[in-house]
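# Structural characterization, general
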Amino acid sequence: MSSFWTLKTAWRLGRGRRRRLLLYLSSMVLGVAALVALQGFGTNLTREVGEEAKALLGADLEVERGRPFSDSTQTLLQHALIDSLGGERARRRSFPSMASFPSTDNDSGGTRLASVRAVEPAYPFYGRLETDPPGAARAFREAGGALVDGALLRQFDVAPGDSVRLGARSYEIVGRLEQSPGATAMQSMVSPRVFVPYADLDSTLLGRGSRVEHEVLFRFPGTPDIETLAGRLRVKLDDDEVTVRTPSSVADDWQAGIQNLYRFLGLVGFAALLLGGLGVASAMNVYVKKEIETVAVLRCLGAKSGRAFRVFLAQAAGLGLVAAALGAALGVGVQLVLPHVLGSVLPVSADFSVSWPAVGSGLAVGVGAALLFALLPLLKVRRVSPMRALRSEVENGDSEDAAGRWGRGGVWLLIAAGVAGFSVQLAPDWRLGLGYAGGVIVVFGLLALLAAGVARGAQVLRLPALPYPWRQGLANLHRPGNQTRLLIGVLGFGTFLILTLLLSGRTLREQVRVADRQGRPNVILFGVQSDQVGKVAQTVRNQRLPVLDTVPIVAMQLKSVKGRSIEEIEEAGDDEWAHTHDYRATYRDHLIDSETITAGRFVREKRPYDPDDVVPLSVEADIAGDLGVTLGDTLTFDVQGVPVTARVASLRKVDWKRVQTNFFTVFPPGALAEAPTTYVVLSRAPGEAASARLQQAVAKQFPNVLAIDLSLVLEVFDRLFGQLAQVMRFMALFSVLTGLVVLAGAVSASRYRRAEESVLLKTLGGRRRQVFQIMLVEHLLLGLLAALAGLVLAGAASWALARFVFEAALVVVPGALLIVVAAVPILTAGIGLLGSRGLYARPPMDVLRAEA
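Our subject in this report is the structure included herewith. (Residues numbered from 1 in each chain as written. Predicted model: local features only at pLDDT ≥ 70, side-chain atom pairs only at ≥ 80, totals over all residues. Heavy atoms only, no water.)

### Notes on the environment of G632
- Topologically, G632 is positioned in the loop between α22 (621–627) and β17 (634–639).
- Using a relative accessible area of 42% as the deciding quantity, one classes G632 as partly exposed.
- For the pair G632 and K562, spaced 70 residues apart in sequence, the C-alpha to C-alpha distance is 9.6 Å.
- Leave out the neighbours within four places in its chain, and G632 touches R647 and V648. (Helix = DSSP H or I, 4+ residues; strand = E, 2+ residues; numbered from the N terminus. Buried < 20%, exposed > 50% of the residue type's maximum accessible area, 1.4 Å probe, protein only. Contact = heavy atoms within 4.5 Å.)

Pasting the structure below:
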């Protein structure tokens with residue numbers, strides 16, 4: 001019965017005020033919409049990846065090795081998977097190679113690095129090779145030829161019927177490859193694929209120095225336990241360096257990356273929700289002040305303070321539910337847009353369907369946030385005296401005793417816990433979630449301190465030389481019922497968020513541009529054999545291009561660390577990826593511009609080393625930490641069957657964002673003189689045409705040598721960053737719009753106070769123009785202060801992200817910063833004057849009657 005009375009009273013008290021309260025709470029709509037859109041999109045995408053996991057792999061199980069399978073491994077696979085289970089087999093070889101188009105008339109040549117897939121006719125068992133024309137995949141299986149990625153055909157203006165050359169063999173192009181298992185549009189742009197028959201592959205492409213992945217894919221009848229089977233194979237094949245993959249492991253890999261993406265964006269939406277929470281607090285604060293007399297009457301009629309409190313809490317919950325429902329509906333609509341924006345980086349198409357768990361989560365979070373932020377102003381209801389209904393001078397709940405202060409402190413702790421809980425739920429990692437929540441609380445705290453300082457400064461500042469409208473507008477920043485704290489907090493946080501995203505995005509994109517600056521190599525020729533180095537270098541010079549460097553590479557494996565074998569380390573459970581990593585080291589007498597010595601001395605002297613000598617070694621600092629080694633510790637490597645023991649002589653910090661030949665380990669000259677070595681030749685081409693001519697010349701003379709045009713790769717990455725930046729700006733826009741809605745609600749909430757001030761000013765002889773100017777000055781000052789505060793905080797946050805996360809120099813964009821900083825005061829003034837329209841134009845008596 002008590003609950004029914006509470007709900008009934010809450011409904012009756014809200015009559016005539018619901019539309020205004022919904023305006024106040026509309027700031028919640030955008031935040032909930034962002035969360036529902038992102039969580040719904042993520043749920044749909046996770047479902048699609050799970051359902052299409054077999055199609056992503058193309059089989060029930062895949063076995064992969066970096067070298068040809070040993071006889072014992074082939075026998076084991078034949079017995080365990082085909083003889084015992086009746087499985088089907090399809091072999092595939094995957095490797096990079098230069099693809100040439102002899103028939104092209106393109107001036108740029110017609111040669112580019114591609115990812116070659118040599119497959120047997122049964123591939124793939126699940127999913128399909130989507131081609132144009134549609135029957136090309138069948139023709140490829142029956143008659144051979146090649147399926148070439150559409151990106152390659154478009155680049156060189158070739159079509160089915162033309163030919164593609166791989167090594168010494170040419171293949172007729174039977175169709176354009178549109179989609180293959182596990183591929184994305186972005187991968188096609190970076191490394192386009194060419195499918196050729198397994199039996200027709202030029203064997204010279206598989207020779208010494210080539211990097212070929214030998215894969216066998218299986219399909220089984222019935223429904224065997226694939227995960228158990230894969231686990232047994234991993235144990236049996238562990239010593240043979242074989243990787244076993246299942247649809248489940250493929251789905252897990254994709255989902256991990258995808259979830260990190262949309263959860264990060266969800267944190268941006270969560271910021272919009274926090275701004276909505278501030279709007280709720282402002283709305284309920286004004287509403288409670290207006291309803292103090294109503295609460296006093298309820299107290300006179302016998303209602304206890306707790307019951308009156310529950311009436312207003314029910315109103316907040318109901319209005320929060322309505323706002324959250326509207327936000328969830330909007331979020332479902334926004335979800336339709338995201339697959340089009342992120343389509344190029346997704347392995348599957350995220351078909352639209354309403355994610356009811358995401359809708360439910362949005363409703364719960366929206367209502368929870370509304371209640372949390374409404375608690376602070378609602379505490380005043382518990383302190384209203386019944387005498388307030390009879391005598392207006394009785395305290396109206398603004399004062400509080402020690403118990404009230406403890407209650408307010410408890411509410412603040414509850415809000416902080418709620419913010420942290422929401423953040424941890426949305427973040428990819430709980431540590432990141434707590435860090436994000438802590439950062440948000442710190443930013444809000446700094447903005448609150450600034451707002452308090454502004455209000456105090458406006459109270460004590462005396463500027464008699466200023467015109468009256470300016471003095472009065474400045475004084476309004478500390479008048480009773482002012483919105484200084486709310487507006488500086490909301491607008492400052494919105495500005496902080498969008499500027500942080502802007503600066504961070506520009507910093508990331510600048511790293512791509514730095515890698516392509518003048519003087520740095522943009523063409524890399526790798527896989528060059530020892531007897532080819534001079535000839536390849538001469539080919540580069542014949543194209544009138546420079547040979548910037550020739551870098552030797554020696555493949556090796558780590559055998560022991562500080563005297564402990566890798567087997568002992570693995571048995572003890574102390575192994576890291578660094579222990580089993582296939583190392584490719586180099587030797588030289590100098591540092592390159594991406595390296596800095598952090599400890600020890602880099603050994604430059606060239607001298608011969610005996611097999612029993614301990615060689616001085618320079619190790620990259622991060623991997624040294626993973627290995628647990630420091631200066632003076634020893635590492636033993638297996639270099640093509642020959643043990644080489646090295647002592648850590650120096651530690652280097654490497655800038656891995658520099659797209660060049662960076663290494664974990666660098667030996668001194670002469671240390672690996674007898675080891676089998678391949679080389680990388682670095683050059684720089686002034687344009688796409690020169691780069692293509694060089695690649696074509698190298699491909700004709702040296703089929704085993706691969707060339708990468710870094711300019712093209714960097715262009716693709718720049719495009720990817722651009723797409724992700726669009727999504728980030730889209731989410732930041734949600735936060736800015738939320739801040740503007742809160743601003744509109746705050747202006748509307750303080751309308752009655754401004755009406756009284758307008759009446760007083762006009763009664764004292766103030767003109768309409770002066771009232772307008774006072775309001776304009778007040779809102780301009782609030783917007784400018786909030787924008788400057790957001791700018792300073794965004795600069796600090798962006799510097800910290802650049803320094804400690806991106807490990808790069810902060811990139812400042814003065815033009816964009818000035819636009820944002822100027823736009824915030826203008827929007828603030830525009831919305832403030834629009835919300836106060838009519839007050840400064842109407843006669844005092846009309847305003848008094850309307851507000852009475």
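That shown, we press on.
### Structural notes on the packing of aromatic side chains
- Taken as a whole and judged by the stated rule, the model has 8 aromatic pairs.
- For the pair F218 and F220, a centre-to-centre distance of 6.3 Å together with 0° between the ring planes defines the contact as stacked.
- Given the relative accessible area of 6%, F220 is considered buried.
- With a centroid separation of 6.5 Å and an interplanar angle of 70°, the aromatic rings of Y583 and F664 are classed as edge-to-face. Here the residue Y583 occupies a position in strand β14 (residues 582–587), and F664 occupies one in the loop between β18 (642–654) and β19 (665–667), the gap between them amounting to 81 residues. (Phe/Tyr/Trp six-rings, centres within 6.5 Å; stacked < 30°, edge-to-face > 60°.)

### Brief notes about unusual backbone geometry
- The step from Y123 to P124 runs through a cis peptide bond, and the omega angle for that step is -10°.
- Within the element layout of this structure, P124 appears in the loop between β3 (111–119) and β4 (130–132).
- Between D132 and P133 the backbone carries a cis peptide bond, its omega angle lying at 5°.
- Note that P133 resides in the loop between β4 and α6 (136–143).
- Its identity is not glycine, yet K562 carries a phi of approximately 50°, on the positive side.
- The topology assignment puts K562 in the loop between β12 (547–561) and β13 (564–565).
- Accessibility expressed as a relative area gives 44% for K562, which makes it partly exposed.

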